[in-house]
Amino acid sequence: MLIVALSSLRARWASFLGGFVALALGVGLLATMGLGLSATFHAPERSPQRFASSPVVVQGQDRLTLDVRRGPETVSVERRLDRPQPVDSRLLRELRARWTVTTSEEPADRHEPPSPDHPDHPDAVGVDAPAADVRALVGNRAQVLTGDERRRADHDADRDADALVGLNALLGTSGGVTAFVSVFVVASTFAFAVALRRREFGLLRTAGATPGQIRRLLLAEAAALGVVASAAGCALGALGAPLLARTLVDGGLAPEWFTVGGPVWPFHTAFWTGVTVALAGAVAASRRAGRVGPTAALREADVDADALPLGRAVLGTGLVLAGVGLLVWTCVTDPSALLKRKTYTTLPMLLITGVALLSPLLVRPAARLLRLRGAVGTLVRENSAASVRRTAAVAAPVLVTVALAGTLFGSATSVTRAKGTEAREQTAAQYVVTGVDEPDRTGGPRPVAVPPGAVVSPTGPTSLFVRDGDAAVVKYGARAVTDPAAFAELARLPVVAGDLRDLDDRSIVVNEEFERRRVGETVEVWRADGTGPVRLRIAAVLALGTGDNSPYVTRANAPGSAPDRIDASGGGTATVRALAASGGTVRTTAAWAEAERPASGSPQARLGMVLVLGVALVYTVIGLANTLLMATSVRGGELASLRLAGATRAQILRVVTGEATLAVAIGTLLGLAVTALVLGALGAGLAALSAPVALALPWTTVGASAGVCAAVAIAASALPAWRLTR
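Every chain is numbered on its own, with residues counted from 1 as its sequence reads. With the structure being a predicted model, the display of local features is reserved for residues of pLDDT at least 70 and the display and counting of side-chain atom pairs for 80 or more, all residues being used for whole-chain, interface and lining totals. Side-chain numbers here rest on the full set of heavy atoms in the structure, without hydrogens or water.

**Student:** I tried to follow the overall build of the protein chain on my own but got confused; where do I start?
**Tutor:** Segments assigned H or I by DSSP are reported as helices when at least four residues long, segments assigned E as strands when at least two residues long, and all are numbered from the N terminus. The helix and strand inventory of the protein chain stands at 20 helices and 16 strands. Counting only residues that meet the buried cut, the protein chain has 50% of its 726 residues in that class. Within the protein chain, contacts between residues separated by at least 24 positions form 82% of all contacts whose residues are at least 6 apart in sequence. Of the roughly 32,100 Å² of accessible surface on the protein chain, a fraction of 59% belongs to carbon and sulfur atoms. Residue burial is assigned from relative accessible area. The probe radius is 1.4 Å, only protein chains are included, and a residue is buried under 20% of its type maximum, exposed over 50%, and partly exposed in between. It only takes one pair of heavy atoms within 4.5 Å for two residues to be counted as in contact. Accessible surface area values rest on a Shrake-Rupley calculation with a 1.4 Å probe, where residue burial reflects the displayed protein chains alone.

Following this line, the structure appears as structure tokens:
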């Protein structure tokens with residue numbers, strides 16, 4: 001059987017070329033993404049920067065430790081503090097009395113920020129003394145760090161690990177899309193190849209071949225193709241991984257130190273995934289081929305009568321219902337999840353697969369709706385309706401690309417626009433200042449001279465730790481308000497209960513994510529430096545919105561927080577001059593919102609989406625070219641009959657390219673239908689979150705994707721037709 005399979009591959013190499021290229025490329029991309037993903041699991045080991053020359057570092061507590069319930073037991077959990085507690089003043093005097101103490105050093109790394117600590121209340125000091133003696137003196141009053149542990153005193157100790165979080169998600173999503181599209185294209189290629197070989201299988205059945213032998217023949221072909229293509233793909237992955245790393249670094253998606261290479265597990269994973277994909281793509285086709293009877297050798301008609309088997313119809317319907325059901329379920333139970341990139345990248349795949357499986361059911365009615373004049377238009381319509389398998393095989397990869405382009409770029413643009421609109425609507429300020437200078441040496445904000453008639457509201461970042469029941473401790477990013485009265489006058493937050501004017505040093509403004517969210521209730525919180533617990537009364541409750549409606553407290557409950565934004569209104573040009581003295585960038589509210597949330601999204605996010613869409617587009621090109629080259633190459637008799645009937649060569653070429661164009665148009669319409677479902681669910685989710693609904697369909701991206709598909713389809717159908725009609 002293997003010899004027959006290898007002979008079949010040699011004889012029909014052109015039919016398997018597209019599947020080979022698609023599979024090799026898929027394995028290469030999986031190996032590349034796997035190598036990149038493995039590099040994101042561990043940040044590089046960096047030497048201490050802030051106290052590089054001090055053998056011992058004494059640091060205030062930088063962890064909040066609380067007890068939570070884990071089943072019947074109680075365990076301690078730790079949460080890292082944004083601002084470590086200062087070293088006790090008495091301990092600091094004792095250390096200085098015995099040894100040389102350094103409160104701040106020049107950063108050895110140019111990326112390490114200088115210490116902003118007050119010299120009398122540092123969060124860490126370097127001590128030139130034996131570690132054992134320092135530990136004996138310090139006891140449990142502070143932490144004593146030595147060796148590589150001294151990195152914990154660096155103000156941005158987790159920056160390397162944090163830089164890899166988004167990159168990990170991007171590479172994981174890209175790898176998932178690669179696997180999905182490669183399975184789709186390879187399975188489509190095998191299915192269409194089997195449909196073209198019905199007469200061959202009928203002859204084999206006539207010669208005595210059993211259905212099992214036909215199935216084993218196709219599986220052996222797939223296995224041989226999978227092994228060779230996967231080996232080639234691993235070689236491509238080894239070459240492409242360094243290129244991927246340079247692209248990610250140059251595009252700002254990865255830090256400058258990011259490199260790939262080392263582990264071999266990505267190659268094993270990619271190789272066996274490729275072989276599995278090839279076999280999985282051939283399983284359904286082999287079952288269908290095994291049902292071909294000996295009478296298929298006598299078949300001459302090109303009308304597809306069984307293009308949608310019952311199993312395919314059931315599976316396609318189930319996937320469509322599952323996709324729609326998941327969209328509705330997510331919209332009802334957790335609408336904020338619809339705003340996340342992983343959701344709107346992966347969830348549409350169920351709909352795409354389901355609609356693609358059902359596409360033969362939709363092709364014939366869509367083709368019949370076409371009304372073109374003349375003989376060419378009639379032939380295009382009737383041939384497309386009769387050859388359902390060919391039309392659906394061309395439309396399916398187009399559906400994948402258009403749907404991914406619409407859902408990826410459409411969802412991302414819609415979320416970005418909603419965030420920008422929300423930011424503009426949530427302040428009544430005329431001007432917004434960002435990038436304010438560092439606070440003064442006392443730790444307070446740099447004062448702004450408020451002109452008569454002006455309202456100025458500085459706010460800054462902080463964090464709060466809150467128990468979520470008895471089993472978890474949740475860290476919330478919050479905002480610290482300097483002037484509650486000015487804040488209440490300028491803020492236009494989506495308040496669902498309470499009043500912002502009631503915010504004071506003994507209260508808090510929460511959002512609907514809090515377990516306790518009734519006005520008047522008290523919430524037990526720990527501050528950013530771990531002090532607490534503090535019981536604060538709920539003054540107001542905010543809707544979730546797009547996710548930026550964080551809790552608000554006053555500066556009394558935000559130790560160490562410095563304003564990074566100033567909202568101002570009134571006062572005329574005097575206000576602008578006063579705001580400029582803060583050292584920040586002064587913009588109008590509209591200009592600030594556009595700068596913070598540009599409608600086109602960040603360049604890094606767009607590069608990530610282009611990477612994912614590029615994978616789908618490359619596969620679509622391969623699938624289209626392979627399908628149309630195979631389909632047109634076996635139409636020699638049909639095209640010769642048209643010539644005998646009086647059709648000119650130009651008319652035949654217009655018929656063939658018209659069929660390809662119609663198939664691309666059907667795939668585009670199906671892709672737009674999937675996009676409409678996903679964007680509709682996103683709009684409903686935004687409305688449920690009380691966020692602005694600003695849906696956007698990326699017509700340029702969708703049109704460009706469809707245009708590339710149409711150009712490839714026309715070329716791949718015209719070239720073999722031109723050769724056959726010479």
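**Student:** Help me out: how do you make sense of the sheet that holds strand S1 (residues 56–59) in this one?
**Tutor:** Hydrogen bonds between backbone atoms are what pair the strands of a sheet, whose relative direction is either parallel or antiparallel. Here the rule is simple: two strands pair whenever DSSP picks up at least two bridges between them. Spatially, four strands are ordered S4-S5-S1-S6 in an open sheet, and the strand pairing comes out antiparallel. Of all the strands in the sheet, the pair left with one neighbour each is strand S4 (100–102) and strand S6 (143–146). Averaged over all neighbouring strand pairs, the angle between strand axes comes to 30°, with direction disregarded. Here S1 runs beside strand S5 (residues 124–128); their pairing, made up of four bridges, is antiparallel. Residue Val 58 lies in a different strand from S5, and its bridge partner there is Val 125. Here the axes come from fitting lines to C-alpha atoms, over the contacting stretch only for helices, and the angles between their N-to-C directions go from 0 to 180 degrees. Running at roughly 170° to S6, helix H4 (residues 131–138) makes contact with S1, S5 and S6 of the sheet.

**Student:** Looking at this structure, I do not really get the packing of helix H9 (residues 310–333) against helix H11 (residues 348–368). What am I missing?
**Tutor:** Angle between the axes and distance between the axes: these two values describe a pair of packed helices. Packing of H9 against H11 brings their axes to within 8 Å, and their N-to-C directions diverge by 150°. Of the possible angle classes, the one that applies to H9 and H11 is roughly antiparallel. Considering how the two elements wind past one another, H9 and H11 form a crossing that is left-handed. Taking contact as the criterion, the partners of Arg 312, Ala 313, Leu 315, Gly 316, Thr 317, Leu 319, Val 320, Gly 323, Val 324, Leu 326 and Leu 327 in H9 are, on H11, Leu 350, Leu 351, Thr 353, Gly 354, Val 355, Ala 356, Leu 357, Leu 358, Ser 359 and Pro 360. Each angle receives one of four descriptions, namely roughly parallel if under 35 degrees, roughly antiparallel if over 145, roughly perpendicular if within 65 to 115, and oblique otherwise. By definition, turning the near helix anticlockwise from the far helix through less than a right angle yields a left-handed crossing, and turning it clockwise yields a right-handed one.

**Student:** Help me understand the nonpolar core in this model?
**Tutor:** Here, the term nonpolar core denotes a set of buried Ala, Val, Leu, Ile, Met, Phe, Trp, Tyr and Cys residues that are joined through side-chain atoms within 4.5 Å. Counting residues in each nonpolar core, the largest one holds 71 residues, and the members touching the most others are Val 181, Ile 352, Leu 399, Leu 404 and Val 674. Looking at which element gives the most residues to this core, the answer is helix H13 (residues 388–425), with 15 residues. If we ignore the near neighbours within four places in the chain, the residues touching Val 181 are Val 400, Leu 404, Ala 616 and Tyr 619.

**Student:** Mind showing me how you'd approach the packing of helix H12 (residues 374–386) against H13 here?
**Tutor:** Interhelical geometry of H12 versus H13 gives an angle of 90° and a closest axis separation of 5 Å. By the angle between their axes, H12 is roughly perpendicular relative to H13. Along its contact with H12, which presents Asn 383, Ser 384, Ala 385 and Ala 386, the element H13 presents Val 388, Arg 390 and Thr 391.

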